[in-house]
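Here is how the chains run, residue by residue.
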Amino acid sequence: MKVENNHSVNHIRDYLEQLEDYFNQDESLTKEEENPVEITFAISLKSKQVSRNWNTVQENLSKTLRSILNNTDQHFRIIIAGHEKPQINELNHGSVTWLPVKFRRPRNSGEFSMDKLNKRKVIGAFLRKVGFSGYFMPLDADDWIHYRFVEYLSKQPFSNAFILQKGFMLNTKLKEIWERDNFYRGCGSGIIYYFRNSDFPLSTRIRDIQRVSFKVALRPHLKVIQNLKIIKKDYHMVTTPLAIWVLGHGDNNSILKGKKDNSISAKNYNAQGEKLEEWFYDYFKIKEK
């Protein structure tokens, strides 16, 4: 699929409308390409103990879950691992599984990354136990996906990994959106892996992790291409922006680590920023009904 990325004043809206036209084509044109492999969205939720505002964390997770749950294609499941269970309605959905963890909470921002990966290990071992085979996407608990993301993936030829070359960035404080190249390098929500059930670990122990391909999902996303080559897995670069890295709400890990601040904008990426308007939400379905 190819959508022309023009550079008009409202090029993001034009782009998303072209994408909509693609999906609205006669189903007979794309039916043979469909590959209804289930996808697991794996979310490691930060602890209340190290969040700046737990209500913000819960609200962000609600939006993330709604962006998934409102997808046109329902071949997915959502697994969330965390210390404290949020009090949000979306966790009651049948496609959502909450996995409580009991290991030590992180004490500071320096332990955020290890905490996230430890929770991802819990999700991996759970998927091995329940017999899951399919696509696996680590998703940050504040990012959004396009409401036809799963449908898009089902129409692609099989690949051992999809890497999001392009994506959107959104600063909710500045009400600004822009497109980003090399999206996967900056955002943890930029890679989808295919794992057979035997590729997941039998447990969260290091020796079990090292025996299986799942270990690639625990390595830095910045070097995902090199990591996939090491285990001899092919991949496909996705140049259609279908995910959003959401910033500016004050509880981003990258902000708490001091790597970014709430003033980040399109100018920092030599990109053309556009004003966030109501129409944008229509493509990500995060608003409560």
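My aim in this report is to walk through the structure given alongside it, one point at a time.

What follows covers the sheet that holds strand 10 (residues 236-238). Here seven strands make up an open sheet; going across it, the order is 3-2-1-4-9-6-10 and the pairing mixed. Edge strands, defined here as strands with exactly one partner in the open sheet, are strand 3 (96-100) and strand 10. Within the sheet, the average angular offset between the axes of one strand and its neighbour, ignoring direction, is 20 degrees. Packing of helix 2 (residues 54-69) onto the sheet brings it into contact with strand 1 (39-44), strand 2 (76-82) and strand 3, and relative to strand 2 it is tilted by some 165 degrees. Along the sheet, helix 3 (residues 112-129) contacts strand 1, strand 2, strand 3 and strand 4 (134-138); its crossing angle with strand 2, the most-contacted strand, is approximately 135 degrees.

Before going further, it helps to examine the packing of aromatic side chains. The tally for this structure, following the rule as stated, stands at 21 aromatic pairs. Their ring planes at 65 degrees and their centres at 5.7 Å tell us that Phe-195 and Phe-214 sit as a pair that is edge-to-face. In this pair, Phe-195 sits in strand 9 (residues 191-195) while Phe-214 sits in the loop between helix 6 (206-210) and helix 7 (224-230), placing the two residues 19 residues apart along the sequence. Phe-214 matches Phe-195 in its accessibility class, with the two residues each being buried. Aromatic pair Phe-200 and Phe-214: ring centres 5.7 Å apart, planes at 45 degrees, arrangement tilted. On the criterion of sequence distance, the pair formed by Phe-200 in the loop between strand 9 and helix 6 and Phe-214 in the loop between helix 6 and helix 7 is long-range, its members being 14 residues apart.

Once that is clear, we can look at the nonpolar core. Judged by nonpolar contacts, the single largest core of 44 residues is most densely connected at Ile-39, Phe-41, Leu-65, Ile-78, Ile-80, Phe-149 and Ile-192. Other than its neighbours up to four places away in sequence, Ile-192 contacts Ile-39, Tyr-135, Phe-136, Met-137, Phe-149, Leu-153, Asn-160, Ala-161, Phe-162 and Leu-164. With 28 residues, the next largest nonpolar core counts Leu-99, Val-101, Leu-117 and Phe-136 among its residues.

Before going further, it helps to spend a moment on empty space enclosed by the protein. Per the stated rule, a full pass over the model turns up three cavities of 30 Å³ or more. Estimated volume of the largest cavity: approximately 40 Å³. Together, Ala-42, Ser-44, Lys-116, Arg-120, Pro-138, Leu-139, Asp-140 and Ala-141 line the largest cavity. Counting only elements with at least two residues in the lining of the largest cavity, the list comes to strand 1 and helix 3. A per-class count over the lining of the largest cavity returns four nonpolar, one polar and three charged.

What follows concerns the pairing of strand 8 (residues 176-181). The buried fraction of strand 8 is high, at five of six residues. Bridge count for strand 7 (residues 166-171) against strand 8 is six bridges, and the pairing is antiparallel. The partner of Phe-168 across the bridge, within strand 8, is Glu-179. Here strand 7 hands over to strand 8 after four residues, with Lys-175 in that stretch at a positive phi of 60 degrees. In this structure, strand 8 lies alongside strand 12 (residues 274-275), joined through two bridges in antiparallel fashion. Following the sheet pairing, Ile-177 is matched in strand 12 by Glu-274.

A separate point is the sheet that holds strand 5 (residues 144-145). Strand pairs in the sheet, formed through backbone hydrogen bonds, run parallel or antiparallel to each other. Reading across the sheet, the five strands line up as 5-11-7-8-12 and stay open at both edges, with mixed pairing between neighbours. Each edge of the open sheet carries a strand with a single partner, namely strand 5 and strand 12. Of the strand pairs in this sheet, strand 5 and strand 11 (residues 243-247) are connected by two bridges, and their pairing is antiparallel. Its bridge partner lying in strand 11, Ile-145 is registered against Ala-243.

All right, on to the pattern of salt bridges then. What the rule picks out here adds up to 17 salt bridges. In this structure, the salt-bridge partner of Glu-90 is Arg-66, at a minimum N-O distance of 2.9 Å. Pair noted here: Glu-90 is in the loop between strand 2 and strand 3 and Arg-66 is in helix 2, with a separation of 24 residues, a long-range link. With relative accessibility at 11%, the residue Glu-90 sits in the buried group. Classification of Arg-66 as buried rests on a relative accessible area of 10%. Here Asp-181 and Lys-166 are joined by a salt bridge, their closest N and O atoms 2.3 Å apart. Separated by 15 residues along the polypeptide, Asp-181 in strand 8 and Lys-166 in strand 7 bring together distant segments of the chain. When salt bridges that share partners are traced, they join Glu-20, Arg-148, Glu-151 and Lys-155 into one network.

About the thresholds
Residues numbered from 1 in each chain as written. Predicted model: local features only at pLDDT ≥ 70, side-chain atom pairs only at ≥ 80, totals over all residues. Heavy atoms only, no water. Pairing = 2+ DSSP bridges. Helix = DSSP H or I, 4+ residues; strand = E, 2+ residues; numbered from the N terminus. Axes fitted to C-alpha atoms, helices over the stretch in contact; angles between N-to-C directions. Contact = heavy atoms within 4.5 Å. Phe/Tyr/Trp six-rings, centres within 6.5 Å; stacked < 30°, edge-to-face > 60°. Buried < 20%, exposed > 50% of the residue type's maximum accessible area, 1.4 Å probe, protein only. Core = buried A, V, L, I, M, F, W, Y, C linked by side-chain atoms within 4.5 Å. 1 Å grid on protein atoms, 1.4 Å probe; cavity = no way out; pocket = protein on both sides within 12 Å on 5 of 7 lines; lining within 4 Å. Points joined across faces, edges and corners; volume = space filled by probe spheres on them. Nonpolar A, V, L, I, M, F, W, Y, C, P; charged D, E, K, R; others polar. Salt bridge = Lys/Arg side-chain N within 4 Å of Asp/Glu carboxyl O.

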